[in-house]
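Residues per chain, in single letters:
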Amino acid sequence: MKPPPFRYHRPSTVEEALAVLAEAGHDGKVLAGGQSLVPLLNMRLAAPGQLVDVNRLAELAYVRTDAEAVRVGALARHAEVEHDADTWEAVPLLRQALADLAHPTIRNRGTVVGSLVHADPSGEMPAVLALLGGVMELASEQGRRTVPAAEFFVGPLESALRPGELATAAVFPRPPARSGSAWREVARRRGDYAICGVGVLVTLDEERLVRAARAACISVGPTPVLVDLAGAVGGRPHDAADWAAAGAVVAAAVDPEDDIHATAAYRRHLAGVLTARAGRAAAAQAARTPEELA
Amino acid sequence: MSEDLHQTRLLVNGVQHTVRVPARRLLADCLRHDLGLTGTHVGCEHGVCGACTVLVDGLPMRSCLLFAVSVDGAEITTTEGCRSADGGLGPVQRAFMECHGLQCGFCTPGFVTTVTAFIRDHPDPTEAEAREAIGGNLCRCTGYQNIVASVLRAAELVGEEGSGEPQGGAPVGREGSGA
Amino acid sequence: MTTRLFGEPIARREDPRLVAGDGRFLDDLGAGALAAAFVRSPHAHARIVDVDVGGALDVDGLVAVYTYEDLDGRVAEPLPLLIPHPSLHAPRTAHPLANGVVRHVGEPVAMVVASDRYVAEDACDRVLVTYEPLPPVVGIDAALRAEHAVHDDVRDNVAAHMVQEVGDTRAAIAAAPHRLELELQIERSASMPLEGKGVYARWDAADRSLRVYSSTQTSTSVRMALAAKLGVPVDRVEVVAPDVGGGFGVKIVHPWPEEVLVPWAAIRLGREVKWVEDRREHFVSSAHERGQQHKVRVGFDDDGRLLGLEVEFLHDNGAYTPYGIIVPIITSTQLLGPYKPGAYRVEFRSLYTNTVIVTPYRGAGRPQGVFAMERTMDAIAERLGRDRAEVREVNFIRPDEMPYDHGLIFQDGRPLIYDSGDYPASLAKLKKLVGWEEFAAEREQARAEGRRVGIGLACYVEGTGVGPYEGAHVRVETNGKVVVATGLTTQGQGHETVFAQVAASELGVPVEDVAVVTGDTRRFKYAVGTFASRAAVMSGNAVALAARKVRAKALRIAGEALEVDPADLEVVDGVVRVRGVPDAEIPLATVAVLANPLRYAFDEQAKQATQFAVGGGAEVPPVADDDEPGLEATDYYSPVRSTFANGVHAAVVETDPDTAEVKILRYCVVHDCGRLINPRIVEGQIHGGVAQGVGGALYERIVYDEHGQLLNASFMDFLMPYASEVPTVETDHLETPSPLNPLGIKGAGEAGVIPGAAVFAAAISDAEGLWIDRMPISPSELWELRRQKTPEGDA
C-alpha cells in the first residue's frame, strides 16, 4: 500500500504556502500531521496531485492562551495542546477530549487544526470547537477570513475550507466563569474512533444553579450535533439536575446511522447515556469552588 | 514519467545520512531500504499496528505515516539505536528478553522505541501506566502480559544503569542460533 | 555441572537478534530484488472480459506484466488440492492468476514486476481489466439457497458432505428423559499475523538452481510444490523460511499463487524478484476461518448425562478448497471435548461462497465445536437447575477409562482415541483458581449494588502432535558445538530454544553450545510443517531420538578410546567421563574427531585426538558396514496417532447496565499439555491464544456485504485487541504425560484460543440472564439483545 506520486512543495513561510496553494487549486492538499491523510494516500483512496507540506511553517507552531481563548496554530500537535498547562487551566475540555483521540503516538504528530479541517464525523476536535463556539482562521492569497464552528463543518469529511486556503489557527474561547466540562466516549477499543462521544459544557450562576448547559455529540450525524440542554436542566441545582432528561433530549436530537460496529438505535441510546454521565461530571466540575480547584 | 528526487538529511541513531528520495517515500521504507536499517517493521501502513514506530526528535511516531522528506533534518531513533553504547543490548531490549516479552519479534521494534521514550518520561510507572503506555501497539503473539512486565523491568534496569539514552552503533553480532 | 534443561524456563536463544532489530524477516532480504505486485479483482464474482496492460507498459521502472495467458506448463494449471477426502466430492482450486473468472474480491488477475513496490503499484493502477459482474453468493444462507452458484458445475454450492455416527443417535435422543435443541453461530475471523506473506526468489542460471525464501509454515512442502509446478528438479530447489512474523495457521496453505508466480517470474526474467504482501492484500487474498452455523439436538437424563448428541452444521469454505475440509472435520471430532456423548452423530456441509478461502486459523475448527458443546452443557444445566460445572463432571471421561476410543476418525485419518488426561482434576484446579463455588455470592452482592457480573467456564480437549512424522538431524562438530536441524518451521514459538534444550538435555552439553535451524530445506528435507500444535511433540521427539543416537555412538567411541564399557560413561557439560573416576574423560569434541577416520589436523581438536586409538585395527575397514563417519545422526518421530491435551478456562465479566460494554475482570486457565520443555514459552503461547480468544469473542469479525465486498479490510475496522482489551491471565497447570512419545509431551500452541467464544458467551449470559448463541458479540449487539428481551426498555 504505497502512495501514488504527487508533486511536493515545502514552503518556508505562510506567504509561500498560500502562493503554492493558490496555484495548485483543487489539485492541492495540505500536509500537516498527516495522520488522517497519509493512510488515505497509502490506501490510494486519495490521490492529490500536489502536496503542500506545511511542517516548516514555524510561525504556526504555537498554542497560546490569553484572556479570551486558547489559540491553536496550525502546527500545534495534539500532544502539545493536550499537555499545555495554560490550556488545561483555560479550556480543560481540550485535554479531556484529546485523551480519547487515537493513541499518544498519533497525537505526537497529528495536529488539532488538521483534525478540524478533516471534519471526521467521529472526530473529537470538531465537537469541542462547536461546543465552545470557536472559530477557524483561514488564509489564502485573497486574504483572511474567520469561520465559526457552526458554519465550518459542512458534511462528513467536508469542511468549509476552499481550494487554495490554509487553515492557520483554531480559536477555542474560554468558557464563562463557573463553568465545567466533561467528555465521555464509547469506542470499541481504547483509542478507536468513537461509536458515540459527547462533550458537555455546564455553566452555573452565583447560587450554583445551572445557568446554561449544552452538549456536542460525535458519530451520531454527518457533523457534530450541538444540543441545548437548558430546557432539561436549566435553573436546577448543580447536584440535583435531571441529567437523564438531558440525555433524553440529546437522544431525540441525533440521527445516527447503522454501521458494522453499532446500530443507529444503540448510538442514539449512547448519546443519551453519555450526555447524562458527562453532564453530571461537568456540573460537578463547575461547582468546585476556587479553593477546591487550587 | 520519473519522479523528482529530494535531498533529505536524517540523523539516524546518531549517524548523519543523506538520501535522495521521491517525496512519497515513506520514512519506514527509507529507513529499511535506503538506509538498510531493517529493524523497523511495517505491519499495516495505516498507522494502527505500531510496528513501524520510531522516535522523531525524541517522540514516538508512526514511520509509515511520515514521508522521509517531511522529516528532513530530524533526529530519528530506531530500535537499532536503542542498543547500549558498546553495541550490546540496551536496557529496554534486555528487559524484553528477560520477561519473554516477544515471540515472533515482528512487533517488537515498535514497542522498544515506544517504551524507551515512555521510561525516559516516566521512570517509575505503575502496572496500569505501563499497560496504558503500550496501548497503541498491536501484538498478535504475546497477549501483552509479558510486554507489560517488560516495561516494568525496563524501568528497573534504566533506573539501575542510568539513562536508556539511545545510541548509534554497529549491529550486534549474532551468536549461536542460525537463520 | 549441567543443569537439567528440559523443563527449565530459560531465556530464548533467538531473542538477542530479534530485540536488537537484527531479525531477518522476508522483506529484510533481497535488497536488490525487483518488486512484484498484483492486480486483484474488485468484484466478488465476475467474468474477465479483457485485460489491457498497455497503460502499465508506460510506467517508468516497469519490468514485466503477466496475465493468465502468459502462464505456461503446470503453472497454468489449477493450484493443488492438498488434502483430498472422499467426502469432499466437489473440490475446486484457483489458478495462480484468474483464468477468465474471478470468485472473490482480491483474487489475483495480473502480476506486475517493477523496480520497486511504489512503481509496481503505479503500474497495477494502469492495468485496465474489463469485468462482467456475476451474481455473488455471500453468506451461508445464500450459499444454501443456491439461487446462484460460485462454480458453474457445483450448482448447489456444496463442496463436501460428511456424516460420522457412533450408536443410534436419533433413537437415543428420542428415548431420553429430556431433550434440547439449540442453534448456534460463530462468525468469520482470521489469523492476522503482524507480518503478511512474502516470497523472495533467486534463480541461479549458472547453477540452474532456485532458492526461494517464503514466510511460510512449511518450507519443505513449498519446495515440493515448486519443483512440481516449475519443472525444476527437486534437488535444485531450496526453500527457506526466514524469521517469520507470526503465522497462526494462515501460512500453512501452499503454494499460494504468489509462491508459484514470483519464482516463475524470477526464472523467466533471470532477476531476483520479491513480493511482500501488504495489509489490504492480506485481508482480501489470504485466508479466513471460523464461520459456521450449528444445530444441536441433545438427549440427557436427570443428572445431565448425555445420552445422544446430534450436531448438524454448515461451514463456509469460501471460493476454493485448496486445504480440503480439515477445519470442519476437526470441528466434528473435537466438539466432543472431554465428554462421553452417548450416541453421537455429526453431519456437515461445506459450502462455497464468493469470499476469501477458509483454511485453519489457530484452533482450526475447535473453537466452533467447543462453542457448540459448551453452550449445550450450559443449556442442560439451566434446564435442570444444576451447577454448570457439575453437569460437565457427570459427563467426563474418567482417567481410568483412558485410552478412550470415540469410534470416530480424526483429522489425521486415524481413530479418535484419547491417550491420557485427567479431566476431573483439571476442572477441580480451575474451580479453585477462579473461586467457582464462591462466585454465586459475589454475583448477588454485585447485583445488590446494581452491577452485573457473571462467570463462565469451558472445557476442551485438543488433539495435538498429529503425524505423519517429523525428523531431526543432530551433529557434534569437532569443536564441540552441536548443530541441530529440523524441517518444520518457526513463527515465534521459540524452537531455537526448546529444541536446543531437548538436545542439550539428551546429550549432556551446555545449551549455549547448541544451535538449531528450522525450516530450511538445505538443512533438512523431510518434514510436514508447523501447525496443529505439533511442533514440540513432533520435532521435539525427533530431536531427542536423533540426539540419543548421537549419544550412543559417542559413548561407544569414547568407550573404545578410554577402554571402558560404554555403560560406565556419562556426558556432563560436553565431556564424556567415567562415572566416579575423575581423570578418565574425553571431550565430546574429541569424540567427534575420532568419529571420522579421516583426521587431517586442521585444528587443535584434531591434533588432540591423536592420543586416542579407536577402530578395529588393520583387519577391518575404517568405516564399519553399519556405520558412517561423523558424530551425527538423523531420526524421525512418527506417532501411531495424535496425543490429546486438555484444558479448562473460566472468565469473570462485568457488563455495563447502560452501555452494554463488557469488561473482563478475571481470566483463568488450567491447561494440561503433558511435560513442558520450557514452561515460560508454553505460558506465552497460552497468553497469546487467550488474547485471540478475547478478540474472537468480543471484537473480531470479518464482514462482507451482500455484494461480496469486504467492509473491514483494515486494522481500523477489523478489531484486534490492544493491551487495553486483554486481561491478565492466571494460569495453573497439570501434567499428565503422553504415553505416546518418548518425551511425554503434548502440544500447547492452540490451547489459549480454543474455548474463548464459549467461555465469554457463558460469562455474559450469566451476567445478563440472556441466552447468547452467536459470537462474537459487541456492546451494540448485547444492547440490542437486551431490547429484544424487554422491548419497552433496558432490562
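Residues numbered from 1 in each chain as written. Chains lettered and ligands numbered in written order. Predicted model: local features only at pLDDT ≥ 70, side-chain atom pairs only at ≥ 80, totals over all residues. Heavy atoms only, no water.

> Help me understand the interface of chain C and chain A, please; the structure alone is not making it clear to me.
Accessible area lost during the coming together of the parts is what is often quoted as the interface size. Contacts between the two partners involve 35 residues from chain C and, on the opposite side, 26 residues from chain A. Of the roughly 2,500 Å² buried between chain C and chain A, counting both surfaces, carbon and sulfur atoms make up 58%. Applying the counting criterion to the chain C and chain A interface returns five salt bridges. A salt bridge links Arg-277 of chain A to Asp-656 of chain C; its shortest N-O distance comes to 3.0 Å. The tally of links between chain C and chain A comes to 17 residue pairs in polar contact (both at pLDDT 80 or more). Looking at the side of chain C that touches chain A, the elements with two or more residues in it are α3 (117–126), α8 (279–285) and α20 (779–789) of chain C. (Contact = heavy atoms within 4.5 Å. Buried area = accessible area lost by both parts, 1.4 Å probe. Salt bridge = Lys/Arg side-chain N within 4 Å of Asp/Glu carboxyl O. Polar contact = N/O pair within 3.5 Å; in protein donor to acceptor, adjacent residues only side chain to side chain. Helix = DSSP H or I, 4+ residues; strand = E, 2+ residues; numbered from the N terminus.)

> Quick question: what am I supposed to make of the sheet that holds strand β7 (residues 143–148) of chain A here?
Sheet strands pair by backbone hydrogen bonding; their relative direction is either parallel or antiparallel. All names here are of chain A. Taken together, the five strands give an open sheet; going across it, the order is β4-β5-β10-β6-β7, and neighbouring strands pair in antiparallel fashion. A strand with exactly one partner marks an edge of an open sheet, and here the two such strands are β4 (63–65) and β7. In this sheet, neighbouring strand axes are inclined to one another by 20° on average, regardless of whether the strands run parallel or antiparallel. In terms of strand pairing, β4 meets strand β5 (residues 69–73) through three bridges, oriented antiparallel. (Pairing = 2+ DSSP bridges. Axes fitted to C-alpha atoms, helices over the stretch in contact; angles between N-to-C directions.)

> Please explain the packing of helix α10 (residues 366–384) of chain C against helix α11 (residues 388–395) of chain C as it appears in this structure.
Packed helices, taken two at a time, are described by the angle between their axes plus the distance between the axes. Residue and element names in this part refer to chain C. Two numbers describe how α10 lies on α11: the axes approach to 8 Å, and their chain directions differ by 115°. The angle between α10 and α11 falls in the class roughly perpendicular. Between α10 and α11 the crossing geometry is right-handed. In this structure, α10 contributes Glu-374, Met-377, Asp-378, Ile-380 and Ala-381 to the contact, and α11 contributes Arg-388, Val-391, Arg-392 and Asn-395. (Parallel < 35°, antiparallel > 145°, perpendicular 65-115°, else oblique. Left-handed = near helix turned anticlockwise from the far one by under 90°.)

> Looking at this model, I keep getting lost on the packing of helix α2 (residues 91–98) of chain B against helix α3 (residues 108–121) of chain B. Mind explaining?
Residues and elements named next belong to chain B. At a minimum axis separation of 9 Å, α2 and α3 run at an interaxial angle of 125°. Put simply, α2 runs oblique to α3. For the crossing formed where α2 meets α3, the hand is right-handed. Residues Val-92, Gln-93 and Phe-96 of α2 pack against Thr-108, Phe-111, Val-112, Val-115 and Thr-116 of α3. Here the residues of the contact of α2 with α3 sort into five nonpolar, three polar and no charged. (Nonpolar A, V, L, I, M, F, W, Y, C, P; charged D, E, K, R; others polar.)

> What exactly am I supposed to notice about the sheet that holds strand β8 (residues 178–186) of chain C here?
Strands sit in the order β7-β15-β14-β13-β8-β29 (chain C) across an open sheet of six strands; the sheet is mixed. Looking at strand neighbours, the two that pair on one side only are β7 (158–166) and β29 (774–775) of chain C, the edges of this open sheet.

> Which parts of the structure should I look at to understand α3 of chain B?
Within an α-helix, residues lying three or four positions from one another point in the same direction, as the helix has 3.6 residues per turn. Residues and elements named next belong to chain B. Over its 14 residues, α3 runs 20 Å from end to end, which matches the ideal 20 Å to within 8%, given 1.5 Å per residue. A large share of α3 lies buried, amounting to 12 of its 14 residues. Of all the residues in α3, the buried ones are Thr-108, Pro-109, Gly-110, Phe-111, Val-112, Thr-113, Thr-114, Val-115, Thr-116, Ala-117, Phe-118 and Ile-119. (Expected span 1.5 Å × (residues − 1). Buried < 20%, exposed > 50% of the residue type's maximum accessible area, 1.4 Å probe, protein only.)

> Teacher, can you tell me more about the packing of aromatic side chains here?
Two aromatic rings are characterised by how far apart their centres lie and by the angle between their planes. Counted under the stated rule, the structure contains 18 aromatic pairs over all chains. Ring plane angle 75° and centroid distance 5.2 Å describe the contact between Phe-106 of chain B and Phe-25 of chain C, whose orientation is recorded as edge-to-face. Of this pair, Phe-106 of chain B sits in the loop between α2 and α3 while Phe-25 of chain C is found in the loop between α1 (15–19) and β1 (34–40), placing the two residues in two different chains. Taking the relative accessible area as the measure of exposure, Phe-106 of chain B reaches 5% and is therefore buried. Both rings, one in Tyr-339 of chain C and one in Phe-396 of chain C, keep their centres 5.8 Å apart while their planes meet at 10°; by these two values the pair is stacked. Of the two residues, Tyr-339 of chain C sits in the loop between α9 (326–334) and β15 (343–351) while Phe-396 of chain C sits in the loop between α11 and β16 (404–409), which places them 57 residues apart along the sequence. Overall, Tyr-339 of chain C belongs to the buried group, its relative accessible area being 1%. A relative accessible area of 1% means that Phe-396 of chain C is categorised as buried. An aromatic cluster of three or more residues is present, and its members are Tyr-339, Phe-396, Phe-410, Tyr-418, Tyr-423 and Phe-644 of chain C. It is Arg-64 of chain A that lies over the ring of Tyr-62 of chain A; its NZ or CZ is 3.7 Å from the centre. The ring centre of Trp-771 of chain C lies 4.1 Å from the NZ or CZ of Arg-375 of chain C, which sits over that ring. (Phe/Tyr/Trp six-rings, centres within 6.5 Å; stacked < 30°, edge-to-face > 60°. Lys NZ or Arg CZ within 6 Å of the ring centre and 35° of its normal.)

> Would you explain the pattern of salt bridges in this entry?
Where charged atoms from two side chains of opposite charge approach closely, those side chains can pair. In the structure shown here, the tally under the stated rule is 91 salt bridges over all chains. The salt bridge involving Asp-15 of chain C is made with Arg-12 of chain C; its shortest N-O contact spans 2.9 Å. Overall, the relative accessible area of 0% leaves Asp-15 of chain C in the buried class. Since its relative accessible area comes to 4%, Arg-12 of chain C is described here as buried. Taken together, the salt bridges that share partners define one network made up of Arg-44 of chain A, Glu-3 and Arg-24 of chain B together with Arg-40, Arg-117, Glu-121, Asp-122, Asp-125, Glu-258, Asp-278 and Glu-281 of chain C.

> Could you clarify how one ought to interpret the pairing of strand β14 (residues 306–316) of chain C in this entry?
Sheet faces and side chains relate simply in a regular strand, where the side chains alternate between the two faces. Residue and element names in this part refer to chain C. Of all 11 residues in β14, nine are buried, a share of seventy percent or more. Looking at chain direction, strand β13 (residues 292–300) and β14 are connected through nine bridges and run antiparallel. The partner of Gln-293 across the bridge, within β14, is Leu-314. Following β13, the chain reverses through five residues before pairing antiparallel with β14; Gly-304 in that reversal takes a positive phi of roughly 90°.

> When you look at the interface of chain B and chain C in this model, what are you seeing that I'm missing?
If you look at the interface, chain B gives 57 residues, while chain C gives 62 residues. For the pairing of chain B and chain C, the buried interface totals around 5,000 Å² over both sides, and the portion due to carbon and sulfur atoms is 55%. At the boundary of chain B with chain C, the tally comes to five salt bridges. The residue Arg-83 of chain B makes a salt bridge to Asp-22 of chain C at a minimum N-O spacing of 3.7 Å. Our count for the chain B to chain C interface comes out at 24 residue pairs in polar contact (both at pLDDT 80 or more). Secondary-structure elements contributing two or more residues to the side of chain B that touches chain C are α1 (27–34), α2, α3, α4 (127–133) and α5 (145–161) of chain B. Broken down by element, the residue count for the side of chain B that touches chain C peaks at four residues, all from α2 of chain B.

> What's the story with the side chain of Asp-656 of chain C in this structure? I'm lost.
With respect to the helices, strands and loops of the structure, Asp-656 of chain C is situated in the loop between β26 (643–655) and β27 (662–672). Asp-656 of chain C sits in the buried class, given a relative accessible area of 18%. Filtering out sequence-adjacent residues up to four positions away, Asp-656 of chain C remains in contact with Arg-277 of chain A together with Glu-661 and Arg-786 of chain C.

> Is there a simple way to explain the environment of Ala-102 of chain A in this structure?
Position of Ala-102 of chain A relative to the elements: it lies in the loop between α5 (92–98) and α6 (104–107). Contact partners of Ala-102 of chain A, with chain neighbours within four places excluded, come to Arg-107 and Gly-191 of chain A.

> Help me understand the domain arrangement of chain B in this model?
All names here are of chain B. Under the domain assignment used here, chain B contains domain 1 (5–82 + 166–177) and domain 2 (91–161). Each of domain 1 and domain 2 has a C-alpha centre, and these two points are 20 Å apart. Across the domain 1 to domain 2 interface the summed buried area is about 1,300 Å²; carbon plus sulfur atoms make up 58%. Area buried by domain 1 at its contact with domain 2 is led by His-41, Thr-79 and Cys-82, which between them contribute 36% of it. For the pair domain 1 and domain 2, the number of links is seven residue pairs in polar contact (both at pLDDT 80 or more). If you list the elements that add at least two residues to the side of domain 1 that touches domain 2, you get β3 (53–56) and β4 (59–62). Among the residues making up the side of domain 1 that touches domain 2, the classes are represented as nine nonpolar, 10 polar and one charged. (Domains from an automatic or database assignment.)

> Can you help me understand a negative patch on the surface in this one?
Judged by side-chain charge, Glu-15, Glu-16, Glu-59 and Glu-141 of chain A come together as a negatively charged surface patch. Structurally, Glu-15 of chain A can be placed in helix α1 (residues 14–24). (Patch = residues over 30% accessible without salt bridge, like charges linked within 9 Å, V, L, I, M, F, W, Y side chains within 5 Å. Areas by Shrake-Rupley, 256 points an atom, 1.4 Å probe, with all protein chains shown as cover. Lys, Arg positive; Asp, Glu negative; His and termini not counted. Charge placed at Lys NZ, Arg CZ, Asp CG, Glu CD.)

> Sorry if this is basic, but what is going on with unusual backbone geometry here?
The bulk of non-glycine residues show a negative phi, and the bulk of peptide bonds are trans. All names here are of chain C. Cis geometry is adopted by the peptide bond preceding Pro-403, which originates at Met-402 and carries an omega value of -5°. Here Pro-403 is to be found in the loop between α11 and β16. Looking along the chain, the bond that leaves Gly-467 and enters Pro-468 is cis, with omega of -5°. For Pro-468, the position within the fold is in the loop between β18 (452–464) and β19 (470–476). Backbone geometry at Ser-533 places phi at a positive 50°, although glycine is not the residue there. Relative to the helices and strands, Ser-533 resides in the loop between β21 (514–518) and α15 (535–562). With a relative accessible area of 10%, Ser-533 lands in the buried category.

> What am I meant to see in a nonpolar patch on the surface here?
Residues and elements named next belong to chain C. A grouping of Leu-598, Tyr-600 and Phe-602 is seen on the molecular surface, where their side chains present a nonpolar patch of about 430 Å² in accessible area. As for its placement among the helices and strands, Tyr-600 is situated in the loop between α16 (588–594) and α17 (604–609). Overall, Tyr-600 belongs to the exposed group, its relative accessible area being 54%.

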